[in-house]
Amino acid sequence: MSEPLVIVGNGMAAARLVDELSKVALGRYAVAVIGSEPRLAYNRVLLSSVLAGETMSEDIELQPASWWRDRGVTLKYGCIATEIDVGRRELKIEGEESITFSKLVLTTGSSALRLNVPGAELAGVHTFRDSRDVDLLLALAARKTRVVVIGGGLLGLEAAYGLAKAGAPVTLVHLMDRLMERQLDAPAGALLKSLVEQKGIEILLEASTARIHGENRVEGVELADGRFIKADAVIFAAGIRPNIALAKEAGIVVNRGIVVDDCLQTGAEGVFAIGECAEHRGICYGLVEPAYEQARVLARHLAGQDVAYAGSIVATNLKVSGVSVFSAGDFMGAEGSESIVFSDVNHGTYKKLVIADGRLTGAVLIGDTSDALWYLDLIRSARPIAKIRGDMMFGRSLAEAA
């Protein structure tokens, strides 16, 4: 008889875990997926494309309902898990009876941060995180609402681009000295700023939000230096917070995220966590690829294989506000490393490769990212690059032909 395995969360990590389990442990578990969002799992990375009108909402679903049925998964979405009873091995669902489990996997993801500034609770202040947010932002754009987006990381840029493409006047406010400072060095950030501004988005850097003005709803944003930006709506996109409440209330050890070991197990026997909600060796990744790597490892662990998750080399390979951006590894360059840089601002291209101990350890690409996956493979495999060092800046085809 199949062992009952319950997955809490119906996002990208959950879908990948089900896929991986079907490859290595098909039939071993009776899988139930419980998700709060009222739809099938979808590609969250493409939300800004839906907002920009480049993709239809239904087109970003990861798999059709038939795919889940074919794998024997009981799929319950639009359901909120309210309590984990670790001792009784039960998960309680709002408005329904409990569901029993032998193994439980938490893929509860993250929530958008709301800055603690005066006016943050006014009508017209929103977040950009899931498909429900997209519907609301599309309505704002249709009314040509003046919008201030707070946050110049990936989420903020995607919200700003989608809103601007949909017709809203947008000002993006960012606290740091460059966009996407966690993924880009200063020259790359400057080039990205220039390319995004060409799309009609005003960008203010080193700008701290002091308060949001308005009587009953948003009328403008005041910065710490006294500048005032008129606005009819404000979008918080200044970071995410792992959803740990369910685990914490169950007595499971949490820090910033749900603490897991190298088998992705929490402090409770048979309870696991992967994706944005998980904290492994002190790190909450907040990115898709590490979640997928964790799903592969966990599926094999649940299949009885001797595997361990040792952490991920963080990489970003996306179109950000319509601009191709790639970043991986130690892109800033640790002490003792050296950097090779190619910059063509007029053509919107920037490349930086970081080398240490005869190996590629980091890379940043803006504009031309055609060789991104090759660079990522070189970083992850730590292969010696002495033979291709002189040509690798110019791409895989030239380097491997030399």
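K.L.:
Help me out: how do you make sense of the environment of D368 in this one?
P.N.:
Mapped onto the elements, D368 comes out in the loop between β25 (359-366) and α9 (372-381). Considered as a pair, D368 and H347 are 21 residues apart in the sequence and their alpha carbons are 9.8 Å apart. The contacts of D368, once residues within four sequence positions are left out, are T349 and K351. A polar atom in the side chain of D368 sits 2.8 Å from the side chain of S370.

K.L.:
Got a minute to help me understand the sheet that holds strand β7 (residues 103-106) in this structure?
P.N.:
Strands in a sheet are paired, the pairing made by backbone hydrogen bonds, and the direction either parallel or antiparallel. If you trace the five strands from one edge of the open sheet to the other, you get β3-β2-β1-β7-β19, paired in parallel fashion. Across the chains shown, the open sheet's two edge strands, defined by having one partner strand only, are β3 (74-77) and β19 (271-273). Taken over all neighbouring pairs, the strand axes of this sheet differ in orientation by 15° on average, direction set aside. Bridge count between strand β1 (residues 3-8) and β7: four bridges; the pairing is parallel.

K.L.:
Is there a simple way to explain the state of the cysteines in this structure?
P.N.:
Summed over all chains, the structure comprises zero disulfides. Looking at C277, it has no disulfide partner, and the nearest cysteine sulfur is the one in C284, 8.7 Å off. You can call C284 buried: its relative accessible area is 17%.

K.L.:
Help me out: how do you make sense of the side chain of T349 in this one?
P.N.:
Note that T349 resides in strand β24 (residues 349-356). There is a polar contact of 3.4 Å between the side chain of T349 and the backbone oxygen of H347. The residues contacting T349, other than those within four sequence positions of it, are L191, F342, S343, D344, I366 and D368.

K.L.:
What is the right way to look at unusual backbone geometry in this model?
P.N.:
Negative phi values dominate among residues other than glycine, just as trans dominates among peptide bonds. Here the phi dihedral of K144 falls at roughly 55°; this positive angle occurs in a residue that is not glycine. Looking at the element boundaries, K144 is found in the loop between α4 (131-142) and β10 (147-150). In the Ramachandran plot, D357 falls in the positive-phi region, its phi being about 55° despite a non-glycine side chain. By the element assignment, D357 lies in the loop between β24 and β25.

K.L.:
Even after reading the chapter, I still don't get the packing of aromatic side chains, so can you show me in this structure?
P.N.:
Aromatic rings considered in pairs are described by the distance between their centres and by the relative angle of their planes. Using the criterion set out here, one finds two aromatic pairs in the structure. Measuring from centroid to centroid gives 5.1 Å for W67 and W68, while their planes differ by 85°, and the two rings are edge-to-face. Here W67 matches W68 in class, with each residue buried. Both rings, one in W374 and one in Y375, keep their centres 5.2 Å apart while their planes meet at 40°; by these two values the pair is tilted. Like W374, the residue Y375 is buried in the burial classification. One Lys or Arg, R16, reaches over the ring of Y292 and ends 3.7 Å from the middle of that ring.

Conventions used here
- Residues numbered from 1 in each chain as written.
- Predicted model: local features only at pLDDT ≥ 70, side-chain atom pairs only at ≥ 80, totals over all residues.
- Heavy atoms only, no water.
- Helix = DSSP H or I, 4+ residues; strand = E, 2+ residues; numbered from the N terminus.
- Contact = heavy atoms within 4.5 Å.
- Polar contact = N/O pair within 3.5 Å; in protein donor to acceptor, adjacent residues only side chain to side chain.
- Pairing = 2+ DSSP bridges.
- Axes fitted to C-alpha atoms, helices over the stretch in contact; angles between N-to-C directions.
- Disulfide = S-S within 2.5 Å.
- Buried < 20%, exposed > 50% of the residue type's maximum accessible area, 1.4 Å probe, protein only.
- Phe/Tyr/Trp six-rings, centres within 6.5 Å; stacked < 30°, edge-to-face > 60°.
- Lys NZ or Arg CZ within 6 Å of the ring centre and 35° of its normal.

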